[in-house]
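# Descriptive structure summary
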Amino acid sequence: MTREAYEPWYKDGLQFGCTGCGECCRGLGGYVWISLSEAEALATALGMEFDTFTRTMLRKTITGLALVDDADGNCPLLGPDGRCTVYEARPVQCRTWPWWNENLVSSERWREAAKRCPGMNRGEVHSQFVIDCERAKEF
């Protein structure tokens, strides 16, 4: 009995080149999941004491820790210029955009996400292998 290899709709790869616009960080609400080690790195990057960071920047949920959104539903780590203030220390969830499962379920979902992200469908072509490796990262 032979088994056909699974070929996702993006088997030929997808284009993405981050523009640094911050649209993926604005007005979405939701959750930016944070591990304890990421919380430590973020506190350090912001020059904050860990206890202060956890008390003011994190919320506990049933499934883990997440950043607290600002009043507009934006990531609290966005600077006044709309760019990430801790880019080098950003969490895995942020590092793996747009390779999230919800965006890769179908080409329709990808196109929908691309309406908000000017870097999608532009820039470097990422292979299926690279995309699947990014998808596998936990957040």
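Refer to the structure presented above.
The structure displayed is predicted, hence computed values, not measured ones.

### Observations regarding the pattern of salt bridges
Taken as a whole and judged by the stated rule, the model has six salt bridges. Glu-23 serves as the salt-bridge partner of Arg-26, at 3.3 Å between the closest nitrogen and oxygen. A relative accessible area of 25% means that Arg-26 is categorised as partly exposed. When its relative accessible area of 30% is taken as the criterion, Glu-23 is described as partly exposed. The shortest N-O distance in the salt bridge between Glu-112 and Lys-115 comes to 3.2 Å. Here Lys-115 falls in the exposed class, since its relative accessible area comes to 66%.

### Section: the packing of aromatic side chains
In total, this model carries six aromatic pairs according to the counting rule given. Plain terms: the ring middles of Trp-99 and Trp-110 are 5.6 Å apart, the flat faces sit at 15° to each other, and that makes the pair stacked. Here Trp-99 is found in the loop between helix H3 (92–95) and helix H4 (101–104), whereas its partner Trp-110 is found in helix H5 (residues 107–114), with eleven residues between them in sequence. Here Trp-99 matches Trp-110 in class, with each residue buried. In textbook terms, an aromatic cluster arises when at least three aromatic residues are bridged by ring pairs, as seen for Trp-9, Tyr-10, Phe-16, Trp-99 and Trp-110. The ring of Tyr-87 has Arg-90 sitting right over it, with the charged end atom 3.7 Å from the ring centre.

### Describing H5
Looking only at H5, the buried set comprises Trp-110, Ala-113 and Ala-114. Each buried residue of H5 lies within a common arc of 100° when the element is viewed along its axis, so the set occupies one face.

### Some words on the nonpolar core
By size, the foremost hydrophobic cluster in this structure holds 14 residues, and its most contacted members are Ile-34, Leu-42, Phe-53, Leu-58, Leu-67 and Leu-77. With three residues, helix H1 (residues 36–46) is the single largest residue contributor to this core. In this structure, Trp-99, Trp-100, Leu-104 and Met-120 belong to the second largest nonpolar core, which totals 13 residues.

Cut-offs applied
- Residues numbered from 1 in each chain as written.
- Predicted model: local features only at pLDDT ≥ 70, side-chain atom pairs only at ≥ 80, totals over all residues.
- Heavy atoms only, no water.
- Salt bridge = Lys/Arg side-chain N within 4 Å of Asp/Glu carboxyl O.
- Buried < 20%, exposed > 50% of the residue type's maximum accessible area, 1.4 Å probe, protein only.
- Phe/Tyr/Trp six-rings, centres within 6.5 Å; stacked < 30°, edge-to-face > 60°.
- Helix = DSSP H or I, 4+ residues; strand = E, 2+ residues; numbered from the N terminus.
- Lys NZ or Arg CZ within 6 Å of the ring centre and 35° of its normal.
- Arc of directions from axis to C-beta.
- Core = buried A, V, L, I, M, F, W, Y, C linked by side-chain atoms within 4.5 Å.

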